[in-house]
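Chains, contacts and geometry: an overview
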Amino acid sequence: MKHLALNGTARVSGRKADVKSVRKDEKVPCIIYGKGMENILFSLDAKELQKLTDTPFSHIVDLDIDGKKFIAKLQEAQWHPVTDKALHMDFLALSEDKPVTVEVPIKIVGNSEGVKQGGKLAVSARKLRISGLIANLPDELEVDITPMGIGKQIFAKDLSYDNINIVSPKGTLVCAVRATRASAAAAAE
């Protein structure tokens, strides 16, 4: 999985006046927390943070907060309802020797036999939740649709990858090839 380095500045308190002054300086108030560590309040530059939030991919974040290094993932983001500016970000500290659960985008590969016969590919899921060690996490999950005929479906339970587990519900529909009028007419002939 891709890593993204961000440099933060420690904050003293989370009082309303302090948070407003951070936002006035074009920064976003943040917090990092995790098992066995004390919560750390910090701020990140809003433009730097867009590298993390304005992408469909998941990233492992290498945080540098005034010289202290952390490996983390974006846990939760709060946005302004009108301007869509970032209001607050929560980061979860990670350990390289413990499994991590993240959402990873799905990449459809191949040409389906059903689509060649006139069917239509319907993609239902764009991301799946997976669990694994940081070193084993992929940037995206490839799903090969080549053998799919008309009326066939791929569910999360049908997928398997090395060194990671799919945490999404097993009944999650990933994609399906649906019949169309053209495919029904071709079958009738």
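Below or above, wherever it landed, is the structure these notes cover. (Residues numbered from 1 in each chain as written. Predicted model: local features only at pLDDT ≥ 70, side-chain atom pairs only at ≥ 80, totals over all residues. Heavy atoms only, no water.)

1. Details of the sheet that holds strand 7 (residues 100-109)
- Strand order in the open sheet formed by four strands is 10-7-9-12, with mixed pairing between adjacent strands. Both outer strands of the open sheet, strand 10 (141-144) and strand 12 (165-166), are each paired with one neighbouring strand and no more.
- Pairing analysis gives four bridges linking strand 7 to strand 10, with the strands arranged parallel. In the sheet register, Val109 faces strand 10, and the bridge partner there is Asp144. (Pairing = 2+ DSSP bridges. Helix = DSSP H or I, 4+ residues; strand = E, 2+ residues; numbered from the N terminus.)

2. Thoughts on the pairing of strand 6 (residues 86-93)
- Of the pairings in the sheet, the one linking strand 2 (residues 27-33) to strand 6 comprises four bridges and is parallel in character. When the bridges of strand 6 are listed, Tyr33 appears paired with Leu92.
- Relative to strand 6, strand 5 (residues 68-79) runs antiparallel, the two sharing seven bridges. Of the residues in strand 6, the one forming a bridge with Ala77 is Met89.

3. Some words on the environment of Gly14
- As for its position among the elements, Gly14 is in the loop between strand 1 (3-10) and helix 1 (16-24).
- The sequence separation of Gly14 and Cys30 amounts to 16 residues, and the corresponding C-alpha distance is 9.6 Å.
- Discounting chain neighbours no more than four positions away, the residues touching Gly14 are Val19 and Leu41. (Contact = heavy atoms within 4.5 Å.)

4. Focus: the sheet that holds strand 11 (residues 153-155)
- Overall, antiparallel pairing links the three strands, which are arranged 8-13-11 in an open sheet. Of all the strands in the sheet, just strand 8 (120-123) and strand 11 have a single pairing partner and so form its edges. Direction aside, the axes of adjacent strands within the sheet are offset by 10° on average. (Axes fitted to C-alpha atoms, helices over the stretch in contact; angles between N-to-C directions.)

5. Details of the environment of Ile166
- By the secondary structure assignment, Ile166 is in strand 12.
- The sequence separation of Ile166 and Ile130 amounts to 36 residues, and the corresponding C-alpha distance is 4.4 Å.
- Apart from the residues within four sequence positions on either side, Ile166 is in contact with Arg129, Ile130, Ala156, Leu159 and Tyr161.

6. Quick notes on the nonpolar core
- Ranked by internal contacts, the top residues of the largest apolar core, which has 24 residues, are Ile130, Leu137, Ile154 and Val174.
- At the level of secondary structure, the elements contributing two or more residues to this core comprise strand 7, strand 9 (127-132), strand 10 and strand 13 (173-178).
- Tallying contributions element by element places strand 7 first for this core, with four residues.
- Discounting chain neighbours no more than four positions away, the residues touching Leu137 are Met1, Ile60, Val100, Val102, Ile130, Gly132 and Ile164.
- The next biggest cluster of nonpolar side chains, apart from the first, holds 18 residues, and it includes Cys30, Phe42, Leu52 and Phe70. (Core = buried A, V, L, I, M, F, W, Y, C linked by side-chain atoms within 4.5 Å. Buried < 20%, exposed > 50% of the residue type's maximum accessible area, 1.4 Å probe, protein only.)

7. Points about the packing of aromatic side chains
- On inspection of all chains with the given rule, the structure shows one aromatic pair.
- On the numbers, 5.9 Å between centres and 35° between planes, the contact of Phe42 with Phe91 is tilted. Here the residue Phe42 occupies a position in strand 3 (residues 40-45), and Phe91 occupies one in strand 6, the gap between them amounting to 49 residues. Accessibility assignment for this pair places Phe42 and Phe91 in one class, buried.
- The ring centre of Phe155 lies 5.7 Å from the NZ or CZ of Lys157, which sits over that ring. (Phe/Tyr/Trp six-rings, centres within 6.5 Å; stacked < 30°, edge-to-face > 60°. Lys NZ or Arg CZ within 6 Å of the ring centre and 35° of its normal.)

Any functional reading would require information that these geometric values do not contain.
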